[in-house]
Amino acid sequence: MKEEAIPILRVADAAASVAWYTRLGFVREWEHRFEPGFPAFVSIARGDVRLFLSEHTGDARPDTLVYLRVADVDGPAREFGVAVEEAPWGREVHLTDPDGNRLRVGVPGEG
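Described below are features of the structure shown in this document. None of the values given here were measured: they were computed from a predicted structure.

**Considering the overall build of the chain**
- Looking only at helices and strands, one finds 2 helices and 8 strands in the chain.
- Counting helices and strands in the order they occur from the N terminus, the chain gives β-α-β-β-β-β-α-β-β-β.
- Its C-alpha atoms give the chain a radius of gyration of 15 Å, within 12% of the compact-globule value 13 Å for 111 residues.
- If one aligns the C-alpha atoms of the chain with their principal axes, the spans along those axes are about 50 × 35 × 20 Å.

Dropping the structure here:
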């Protein structure tokens with residue numbers, strides 16, 4: 001088993017959030033609810049990168065920031081209609097999901 005850290009993001013509507021994250025190349029792995037109608041806890045993945053999306057109030061705070069390092073930042077920039085910013089550490093875009101969680105998606109610089 002590979003060890004990993006998985007950020008948990010607070011979301012109001014897991015299905016809507018999964019749809020938004022598919023635009024970044026994530027796919028839904030699984031969903032858990034203690035009973036029908038209860039809050040959802042969903043795992044999404046993009047290659048080896050995994051995020052948990054939780055409708056449970058106490059699991060995470062809104063307005064979380066996650067940095068996602070990718071091989072190509074131009075694709076997400078086109079998908080979301082945002083400009084790629086040049087920074088000393090690389091090229092990146094700044095995105096905000098439907099629940100106010102912030103993502104910086106970037107590629108490392110040459111130096």
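That covers the picture; the talk isn't over yet.
**Focus: the sheet that holds strand β6 (residues 85-87)**
- Strand order in the open sheet formed by 4 strands is β5-β8-β7-β6, with mixed pairing between adjacent strands. Looking at which strands have only one partner, the edges of the open sheet turn out to be β5 (65-69) and β6. Across the sheet, the mean angle from the axis of one strand to that of its neighbour is 30°, orientation sign disregarded.

**Remarks on unusual backbone geometry**
- The backbone phi angle of aspartate 63 is positive, close to 70°, even though this residue is not glycine.
- Note that aspartate 63 resides in the loop between β4 (49-54) and β5.
- When its relative accessible area of 45% is taken as the criterion, aspartate 63 is described as partly exposed.

**Some remarks on the sheet that holds strand β1 (residues 8-10)**
- Spatial strand order, β1-β4-β3-β2: 4 strands in an open sheet with mixed pairing. A single partner strand is all that each edge strand has here, and the edge strands are β1 and β2 (27-32). The average undirected angle you get between the axes of adjacent strands in this sheet is 25°.
- Two strands pair when backbone bridges link them, and strand β3 (residues 41-46) and β4 are joined in this way by 6 bridges, in the antiparallel orientation. Residue pairing across strands places alanine 45 opposite arginine 50, the latter belonging to β4.

**What about the pairing of β4?**
- Pairing geometry for β1 and β4, over 3 bridges, is parallel. Each bridged residue has a counterpart across the sheet, and for arginine 10 the counterpart in β4 is serine 54.
- Hairpin geometry of β3 and β4 is characterised by an intervening segment of 2 residues between the two adjacent antiparallel strands and by a positive phi of about 60° at glycine 47.

**So, the packing of aromatic side chains**
- Within the structure shown, the criterion is met by 6 aromatic pairs.
- Considering the side-chain rings of tryptophan 30 and phenylalanine 41, the 6.1 Å spacing of their centres and the 20° angle between planes classify their relative orientation as stacked. Placement of the pair is tryptophan 30 in strand β2 and phenylalanine 41 in strand β3, with a sequence separation of 11 residues.
- For phenylalanine 41, a relative accessible area of 16% gives the class buried.

Rules used in this analysis
- Residues numbered from 1 in each chain as written.
- Predicted model: local features only at pLDDT ≥ 70, side-chain atom pairs only at ≥ 80, totals over all residues.
- Heavy atoms only, no water.
- Helix = DSSP H or I, 4+ residues; strand = E, 2+ residues; numbered from the N terminus.
- Rg over C-alpha atoms; globule rule 2.2 N^0.38 Å.
- Pairing = 2+ DSSP bridges.
- Axes fitted to C-alpha atoms, helices over the stretch in contact; angles between N-to-C directions.
- Buried < 20%, exposed > 50% of the residue type's maximum accessible area, 1.4 Å probe, protein only.
- Phe/Tyr/Trp six-rings, centres within 6.5 Å; stacked < 30°, edge-to-face > 60°.

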